[in-house]
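Next come the chains, spelled out residue by residue.
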Number of protein chains: 2
Amino acid sequence: MQNATHRVVVVGGGFGGLRVVAGLRGAPVEVTLVDRRNFHLFQPLTYQVATGALSPGEITYPLRAIFKRQRNVRVLLAEVRDFDLDARVVRLGSMSGVPTPEEVHYDSLVVAGGSAYSYFGHDDWRAYGVEVKSIESALAARGRLLAAFEAAEATPHEADRYAWLTFVVVGGGPTGVEMAGQIGELALDTLRRDFRNIDPRSARILLVEATDRVLTSFPPSLSSKAERSLQRLGVTVLTGRTVVGIDDDGVTLADGDGATERVASRVVIWAAGVTASGLAGRLGELTGAERDRAGRVTVEPDLTLPGHAEVFAIGDMVRVRDSNGEAKLLPGVAPVAMQQGRHAARVIRARLAGDPHEPFRYRDKGNLATIGRAAAVADIHGLKLSGFLAWMTWLLVHLWYLIGFQNRLLVLIRWSVSFLTHGRGARLIGTGSEPR
Amino acid sequence: MQNATHRVVVVGGGFGGLRVVAGLRGAPVEVTLVDRRNFHLFQPLTYQVATGALSPGEITYPLRAIFKRQRNVRVLLAEVRDFDLDARVVRLGSMSGVPTPEEVHYDSLVVAGGSAYSYFGHDDWRAYGVEVKSIESALAARGRLLAAFEAAEATPHEADRYAWLTFVVVGGGPTGVEMAGQIGELALDTLRRDFRNIDPRSARILLVEATDRVLTSFPPSLSSKAERSLQRLGVTVLTGRTVVGIDDDGVTLADGDGATERVASRVVIWAAGVTASGLAGRLGELTGAERDRAGRVTVEPDLTLPGHAEVFAIGDMVRVRDSNGEAKLLPGVAPVAMQQGRHAARVIRARLAGDPHEPFRYRDKGNLATIGRAAAVADIHGLKLSGFLAWMTWLLVHLWYLIGFQNRLLVLIRWSVSFLTHGRGARLIGTGSEPR
């Protein structure tokens, strides 16, 4: 060990990055956590912000507050522009007008940049789809969803009303399923009495999935259960369909035979495809590490980059090489990122202590997805749950991992009140969320 | 009474407008409530959103949800473009991209358009000041405040750090006092351990007031108590000073002798001056009713416009003529608007029933302002309270008037947790809130 304190730079305050920093508590290191935002977002609940069930402040927590008592940590509000792996430097740019040092030096670097939705090469579609990834995108989605009901109530034209009340959700993964279910509850329950000219229950909600079932990461029997739950909420599940066009007036879908169908809709929720953070691609370029089509970089079994044992990459922007040398794709979920974050911290500590360390091994604790009120599916080591029991499991797990006692209490209250009253408390249409 | 149902149009879903609509529950009328937003804002707590103590969803409530069971009400998301008092028509424009009818006919009209801050003729200052009036302005203020601490932490220049940590609040009314107090708590308590390069307690908070004391609507003894409470929170109260300039780098203050002083500051909170909604001016133009310098229109003792007994104007955009014919200015607070709203509804009901009605009379229930933790002042019919007792009164009154059981519960929890932990849960810097 050198005399100067070992400097660790962690890029990204998501599930992975936070676990790295927390895992270095009390270690003889100086940690710098760099994030473009000043808060951690509990991303699995972002879709509930998009439908007015929760407020942004209830699923976020200031990064500085998380680590205020861990004195070996400083937080930088900045964006990463580039890496210089030879000089061991991260180059930074300013965020939110806050000045930032141009670069920060490291002895160990952990990059946890996350991922975004991919539009399968059609980046022009991004202008038409609404997403539920960041807080801002979720607030925009909330405004668009609620304004669509307003527009349907106000328009004198039957065809317009039909298009405003048609919601297309693209992607049958957990987020797509959750969004479709929540829009169903919004239309069937929450908004039921709110309008005078329309019946919100007449809304059409289409869930479009390219493969032959939703929730492909679950066993087929749970996919079927999820589809039945969705149908009860008024959602039409369209499997084997891909989106081949989006514009102001709707989407064009194609089935396996290439036959196309036009759907008039004013709100398209995009929850399909994954593209890794550009930081993954950059690390791949700099180290020659393999990258897949989604831009994920392949890391060694100990989560480091080839030839750069001091640089780690974790989370849903990486694939991990296993002991046979094969790049393995783990699910893009919080537990993977958290376990990888803890592993990176352990490796850094072991090295400083001169101890050996094990390769990373993912311990799958199970898979959860919720559809709506008392409806969820869970696959826990082959134990398949659905309905109320799965929903309670989902609820408790999410409350448990939410950061901050107050957030847990507030979310629990919102959920309890929603359950009892079918209400959704945070239904603001922001001025920045003009629908098309 | 004519055969067709009597049509009431209410403009504005604030404290006044809501009471008109609620006061017409069960009446033989068709009510149309027009608002530019889809929610009611509990404006007295907006400043707590600006400092991260509360989330927007906790102090707002969807207008449709408030009236979902009052079947004689429909809600229109639209902005008022103009009135045609002869044709009894309100002309509408579209908001948030939602289509709207071009006009709506009324038999009775109640206009409750509210007010905005005035920059005393310097509308160019509006670009530099942040406000805490709408939800959007409060979120922008929150981002600016928190980003200023980030910038102070990050900047290597001592002079910049000093300017970033200097907060100027303009206006010593309740909002200015509350904001200054909240910034004080933020700096002294909430953010105390969050930074590594700065001590947030070194922040300078200047409260600028043109007259010789803060809270001029209270007795002088309570103003003094409020000033002492502010000083304990690190606020410097500058009375007898006016702002004569604002730019990117700070404000210029002048004292009574015309001597000026330059204050380097990057965040100026503007909470001074009142300018009535443009709707007040328009009603004045159309009816020849008197208007004051702040643009308020003078209404008759029954709150109607001269020559138009079917048109009411209420809230802080009006002055009311008393029985001596003198235009009287009531405080621009929620209780005035609520009482006027209830009165307008009563007059409309009385007329429909052929009953006589009384002129409007304001029943002053007292005056409350809070400064911070366990610090408030209250003046209730000459009973002067300060400290903890006034603070509890303030707390209970605000919880009581908040709309929605869930909002009350959530706010109560946020306040309790803040009280116990000195924390503030909703400290997000939005991407739209770039500081200068």
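Draft legend 1. Representation of the interface of chain A and chain B within the structure. Residue-level contacts link 51 residues of chain A with 51 residues of chain B. At the boundary of chain A with chain B, total buried surface from both sides reaches about 4900 Å², with 55% on carbon and sulfur atoms. Three residues, Arg64, Arg196 and Gln406 of chain A, lead the burial of chain A against chain B; their summed loss comes to 14% of the area buried on that side. In this assembly, chain A and chain B are joined by two salt bridges. Across the pair Glu150 of chain A and Arg64 of chain B runs a salt bridge whose closest N-O atoms are separated by 2.6 Å. Between the two partners, chain A and chain B, sit 18 residue pairs in polar contact (both at pLDDT 80 or more). Elements supplying a minimum of two residues to the side of chain A that touches chain B: strand S4 (60-62), helix H3 (63-66), strand S5 (73-84), helix H4 (135-154) and helix H11 (405-421) of chain A. When grouped by side-chain class, the residues that make up the side of chain A that touches chain B number 23 nonpolar, twelve polar and 16 charged.

Draft legend 2. Summary view of the sheet that holds strand S17 (residues 267-270) of chain B. Residue and element names in this part refer to chain B. Reading across the sheet, the five strands line up as S10-S17-S11-S12-S13 and stay open at both edges, with parallel pairing between neighbours. Sheet topology places strand S10 (129-130) and strand S13 (235-239) at the edges, where each strand pairs with a single neighbour. Examined bridge by bridge, strand S12 (residues 204-209) and S13 share five bridges and lie parallel to one another. The residue bridging Leu207 from the neighbouring strand is Val237, located in S13. Along the sheet, helix H4 (residues 135-154) makes contact with S10, strand S11 (166-170) and S17, crossing S17 at roughly 150 degrees. On top of the sheet, helix H7 (residues 220-232) reaches S12 and S13; it is set at about 140 degrees to S13, its chief contact.

Draft legend 3. Structural detail: the relation of the copies chain A and chain B. Overlaying chain A with chain B gives an RMSD of 0.0 Å, the required rotation being 180 degrees about an axis along which the chain moves by 0.0 Å. Such values leave the two copies arranged in the relation of a two-fold axis. A share of 100% of the interface residues of chain A reappears at the interface of chain B, consistent with the copies meeting face to face through the same patch.

Draft legend 4. View of a positive patch on the surface. On the surface, a cluster of positive charge is contributed by Arg342, Arg346, Arg361, Arg363 and Lys365 of chain A. Considering the arrangement of structural elements, one finds Lys365 of chain A in the loop between helix H9 (334-353) and strand S24 (367-372).

Draft legend 5. Empty space enclosed by the protein, seen in detail. All names here are of chain A. As enumerated under the stated definition, the model contains seven cavities of 30 Å³ or more in all. The volume enclosed by the largest cavity comes to roughly 260 Å³. What lines the largest cavity is a set of 20 residues, among which Gln182, Glu185, Arg373, Trp391 and Arg424 lie closest to the centre. Of all the secondary structure elements, the ones that give two or more residues to the lining of the largest cavity are helix H2 (46-50), helix H6 (174-190), S24, helix H10 (387-401) and H11. Per-element tally for the lining of the largest cavity: the top contributor is H6, with four residues. Here the residues of the lining of the largest cavity are counted per class, giving eight nonpolar, seven polar and five charged.

Draft legend 6. Highlighting the sheet that holds strand S23 (residues 327-328) of chain A. All names here are of chain A. Taken in spatial order, the three strands line up as S19-S22-S23 in an open sheet, and their pairing is mixed. Each end of this open sheet is capped by a strand with a single partner; those strands are strand S19 (297-299) and S23. Relative to strand S22 (residues 318-321), S19 runs parallel, the two sharing three bridges. The residue of S22 that forms the bridge with Thr298 is Arg319.

Draft legend 7. A look at a nonpolar patch on the surface. Residue and element names in this part refer to chain A. Together, Phe388, Phe419 and Leu420 make up an exposed nonpolar region whose accessible area comes to about 320 Å². One can find Leu420 in helix H11. For Leu420, a relative accessible area of 69% translates into the label exposed.

Draft legend 8. Inspection of the packing of H4 of chain A against H6 of chain A at higher detail. All names here are of chain A. Running from N to C, H4 and H6 cross one another at 35 degrees; their axes reach a closest spacing of 12 Å. The handedness of the crossing between H4 and H6 comes out as right-handed. In this structure, H4 uses Leu145, Leu146 and Phe149 to contact H6, whose residues at the interface are Met179, Ile183, Leu186 and Ala187. For the contact of H4 with H6, the residue count by class is seven nonpolar, no polar and no charged.

Draft legend 9. Seen up close, the side chain of Gln340 of chain B. Residue and element names in this part refer to chain B. With respect to the secondary-structure elements, Gln340 resides in helix H9 (residues 334-353). Residue class for Gln340 comes out buried when judged on its relative accessible area of 1%. Here Gln340 is in contact with Leu303, Ile314, Gly315, Val318, Val320, Leu330 and Phe360, once residues within four sequence places are set aside.

Draft legend 10. Quick peek at the environment of Gly288 of chain A. All names here are of chain A. Residue position: Gly288 is located in the loop between helix H8 (278-287) and S19. According to the relative accessible area criterion, Gly288 is exposed, its value standing at 61%. C-alpha of Gly288 to C-alpha of Thr298: the two residues are ten residues apart in sequence and 9.8 Å apart in space.

Draft legend 11. Molecular detail of the confidence of the model for chain A. Residues and elements named next belong to chain A. Averaged over every residue, the pLDDT of chain A is 93; the share at 70 or more is 98%. Here residues 432-436 is a poorly scored stretch, pLDDT under 50, and it has 19 contacts once near neighbours within four places are set aside; other chains count. In the predicted complex, the global pTM is 0.93; the interface-specific ipTM is 0.91.

Draft legend 12. A look at the pattern of salt bridges. Tallying each qualifying case throughout the model produces 48 salt bridges over all chains. A salt bridge links Glu285 of chain A to Arg282 of chain A, with the shortest nitrogen-to-oxygen separation between them at 2.7 Å. One end of the pair, Glu285 of chain A, and the other, Arg282 of chain A, are both in helix H8, three residues apart, so they sit about a helical turn from each other. What makes Arg282 of chain A partly exposed here is its relative accessible area of 25%. Among the salt bridges present, the one from Arg424 of chain B reaches Glu185 of chain B, with a minimum N-O distance of 2.9 Å. Here the residue Arg424 of chain B occupies a position in the segment after helix H11 (405-421), and Glu185 of chain B occupies one in helix H6 (residues 174-190), the gap between them amounting to 239 residues. Note on Glu185 of chain B: relative accessible area 7%, which makes it buried. Connected through salt bridges with shared partners, the residues Glu290, Asp292, Arg296, Glu300, Arg319 and Arg321 of chain A form a single ionic network.

What counts, and at which threshold
- Residues numbered from 1 in each chain as written.
- Chains lettered and ligands numbered in written order.
- Predicted model: local features only at pLDDT ≥ 70, side-chain atom pairs only at ≥ 80, totals over all residues.
- Heavy atoms only, no water.
- Contact = heavy atoms within 4.5 Å.
- Buried area = accessible area lost by both parts, 1.4 Å probe.
- Salt bridge = Lys/Arg side-chain N within 4 Å of Asp/Glu carboxyl O.
- Polar contact = N/O pair within 3.5 Å; in protein donor to acceptor, adjacent residues only side chain to side chain.
- Helix = DSSP H or I, 4+ residues; strand = E, 2+ residues; numbered from the N terminus.
- Nonpolar A, V, L, I, M, F, W, Y, C, P; charged D, E, K, R; others polar.
- Pairing = 2+ DSSP bridges.
- Axes fitted to C-alpha atoms, helices over the stretch in contact; angles between N-to-C directions.
- Least-squares fit on C-alpha atoms with pLDDT ≥ 70 in both.
- Patch = residues over 30% accessible without salt bridge, like charges linked within 9 Å, V, L, I, M, F, W, Y side chains within 5 Å.
- Areas by Shrake-Rupley, 256 points an atom, 1.4 Å probe, with all protein chains shown as cover.
- Lys, Arg positive; Asp, Glu negative; His and termini not counted.
- Charge placed at Lys NZ, Arg CZ, Asp CG, Glu CD.
- 1 Å grid on protein atoms, 1.4 Å probe; cavity = no way out; pocket = protein on both sides within 12 Å on 5 of 7 lines; lining within 4 Å.
- Points joined across faces, edges and corners; volume = space filled by probe spheres on them.
- Buried < 20%, exposed > 50% of the residue type's maximum accessible area, 1.4 Å probe, protein only.
- Left-handed = near helix turned anticlockwise from the far one by under 90°.
- pLDDT = per-residue confidence, 0-100.

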